[in-house]
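Results of the structural survey
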There are 2 protein chains.
Amino acid sequence: MNEMTPPLGLRAKRQEDQRRRILDAAIACFARGGFHATGMQAICAEAGMSPGGLYRYFPSKEAIIEAIVERDRADIAPQLLPLLEVDDVVGALIATARAFMTGNLMPESLVIFPELNAEVVRNPSVRAISERLEDEARDILVRVLERGMSLGQIDPALDALDAVRLLMAMTDGVLMRLLIEPGAKLDGLMPMYERAIRAFLAPQPLRAAQTEARP
Amino acid sequence: MNEMTPPLGLRAKRQEDQRRRILDAAIACFARGGFHATGMQAICAEAGMSPGGLYRYFPSKEAIIEAIVERDRADIAPQLLPLLEVDDVVGALIATARAFMTGNLMPESLVIFPELNAEVVRNPSVRAISERLEDEARDILVRVLERGMSLGQIDPALDALDAVRLLMAMTDGVLMRLLIEPGAKLDGLMPMYERAIRAFLAPQPLRAAQTEARP
């Protein structure tokens, strides 16, 4: 490490690369052995770094888990923002969900999905990170649904916040199902997911017509 | 313990009670500290048993986790069987899902739900138990949906097996959402869940009519 001090931008870039390298190594270790059975030693070996190098970035395994949740959830909001400007709100929601699920289907990070959720439930600092980022994603989705309502594409009688919660539950549930059940495949589940979401969000002309028809 | 040997039925009953006591104690410990951070010592203390007493029933923590998954999943099929004889298939499906979710809302066992899923994903012997019991539940649900189709209550164009997978995904997803998001409540989510399931399963008279209307 006897080199010249690189300019600030390059140093930041290198630090970012090192952080990513450590997180990717940690995910690979966690996927094999689980969070609690994995030691910092194993993460160092996987990342090809010395303990000193690793501890400069992350003081503990808990800090690594927090950073994984942060990175995992921070990805979501930027994927959702374009939904605020599309013409076909429901179609774009489904396309985004498909992209989200496909992106989460990398075997390594998918395998740690239930354990990340377990950490969110149990570990207060992981929970705080997850809640902050989930709040952000949920707020965007509520605005997306409200926009769909004003465009006449989504039933305005729906409670937008609880409807968003159901959409998030369905998406998480489908990911979980792909993990738990060997026979379940995205190609088979996706048409079901799309049908359920379209039917759930659709304005209800029939019911409205029936109500109007009554004296 | 200087008593007469009890008759066989009573001994089996006592063994069953002891097993249940250990599993309940283990769930309480796991809910506080997670599977991997919990030792057999802590489970003994929670159950008020000696290590010798506990090891007579379960040789390892892994055996306890397997037994918890077995008990948790074995509960499901008996709750589903009555669905094969109801008049209102969709209404009964939703009522059963509500009972299932309410039964799983005991704070202690709900908290370990994501970690049980993580074990199913990672641990082959836990996975084998879960798969056997899930196959059983899924087979019943497929028959329930097929019956609803033959009664004209469910769209016969649906693939019954993938539709069941979506229903299971939605149910797991709602449970997970209640865990992860403090603001999410069963009372708010249940009407959404019911609407989504009814809309998803409904026969599609409009689409059929449109198709027929075409020359």
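Residues numbered from 1 in each chain as written. Chains lettered and ligands numbered in written order. Predicted model: local features only at pLDDT ≥ 70, side-chain atom pairs only at ≥ 80, totals over all residues. Heavy atoms only, no water.

An unreviewed UniProt entry lists chain A under the name AcrR family transcriptional regulator, from Methylopila capsulata.

Moving on, we get to the relation of the copies chain B and chain A. At an RMSD of 0.0 Å, chain B and chain A line up after a rotation of 180° and a shift of 0.0 Å along the axis. Here the copies are linked by what is in effect a two-fold axis. Identified as the residue of chain B closest to the rotation axis by C-alpha distance is Gly173 of chain B, at 2.0 Å. Take the interface residues of chain B: 100% of them recur as interface residues in chain A, which is what a same-surface contact looks like. (Least-squares fit on C-alpha atoms with pLDDT ≥ 70 in both. Contact = heavy atoms within 4.5 Å.)

In this numbering, the UniProt entry assigns the feature "domain: HTH tetR-type" (unreviewed entry) to residues 16–76 of chain A. Annotation note: span residues 16–76 of chain A, helix share 79%, strand share 0%, distance between end C-alpha atoms 19 Å. (UniProt positions renumbered as here; feature names shortened; annotations may be inferred. Helix = DSSP H or I, 4+ residues; strand = E, 2+ residues; numbered from the N terminus.)

A word on the pattern of salt bridges. Per the stated rule, a full pass over the model turns up 34 salt bridges over all chains. The closest approach of N and O atoms between Asp172 of chain A and Arg177 of chain B, which form a salt bridge, is 3.4 Å. Within this pair, whereas Asp172 of chain A is found in helix 10 (residues 160–180), its partner Arg177 of chain B is found in helix 10 (residues 160–180), the two belonging to separate chains. Of the two residues, Asp172 of chain A and Arg177 of chain B, neither departs from the other in class, the shared state being buried. (Salt bridge = Lys/Arg side-chain N within 4 Å of Asp/Glu carboxyl O. Buried < 20%, exposed > 50% of the residue type's maximum accessible area, 1.4 Å probe, protein only.)

Right, let's talk about the packing of helix 8 (residues 113–122) of chain A against helix 8 (residues 113–122) of chain B for a bit. Where helix 8 of chain A meets helix 8 of chain B, the closest approach of the two axes is 8 Å, and the angle between their N-to-C directions is 160°. Between helix 8 of chain A and helix 8 of chain B, the crossing angle belongs to the class labelled roughly antiparallel. Two packed elements cross with a definite hand, and for helix 8 of chain A against helix 8 of chain B that hand is left-handed. Where helix 8 of chain A abuts helix 8 of chain B, its residues Pro114, Glu115, Asn117, Ala118, Val121 and Arg122 of chain A lie against Pro114, Glu115, Asn117, Ala118, Val121 and Arg122 of chain B. Class assignment for the residues of the contact of helix 8 of chain A with helix 8 of chain B results in six nonpolar, two polar and four charged. (Axes fitted to C-alpha atoms, helices over the stretch in contact; angles between N-to-C directions. Parallel < 35°, antiparallel > 145°, perpendicular 65-115°, else oblique. Left-handed = near helix turned anticlockwise from the far one by under 90°. Nonpolar A, V, L, I, M, F, W, Y, C, P; charged D, E, K, R; others polar.)

Listed per partner, the contact involves 50 residues of chain B and 50 residues of chain A. On inspection of chain B and its partner chain A, the count reaches 12 salt bridges. The partner of Arg195 of chain B in a salt bridge is Asp155 of chain A, and the shortest N-O contact between them spans 3.1 Å. The tally of links from chain B across to chain A stands at 24 residue pairs in polar contact (both at pLDDT 80 or more). Put simply, the parts of the chain that give the side of chain B that touches chain A at least two residues each are helix 1 (8–33), helix 8, helix 9 (124–150), helix 10 and helix 11 (186–201) of chain B. When residues in the side of chain B that touches chain A are grouped by element, the largest group, 14 residues, is from helix 10 of chain B. (Polar contact = N/O pair within 3.5 Å; in protein donor to acceptor, adjacent residues only side chain to side chain.)

The next thing to look at is the environment of Gly9 of chain B. Residue and element names in this part refer to chain B. Along the chain, Gly9 turns up in helix 1. Among the residues examined, Gly9 registers a relative accessible area of 54% and is labelled exposed. Sequence separation of Gly9 and Gly103 is 94 residues, and the distance between their C-alpha atoms is 29 Å.

Another point: the nonpolar core. Within the largest apolar cluster, 155 residues are counted, with the highest numbers of intra-cluster contacts made by Ile64 and Leu166 of chain A together with Ile64 and Leu166 of chain B. Once residues within four sequence positions are removed from consideration, Leu166 of chain B is found in contact with Met170, Val174, Leu189, Met192, Tyr193 and Ala196 of chain A together with Phe200 of chain B. (Core = buried A, V, L, I, M, F, W, Y, C linked by side-chain atoms within 4.5 Å.)

It is worth spelling out the environment of Leu116 of chain B at this point. Residue and element names in this part refer to chain B. With respect to the element layout, Leu116 can be found in helix 8. Take Leu116: its relative accessible area is 2%, and that puts it in the buried class. Taking the C-alpha atoms as reference, Leu116 lies 9.8 Å from Ser130; in sequence the two are 14 residues apart.

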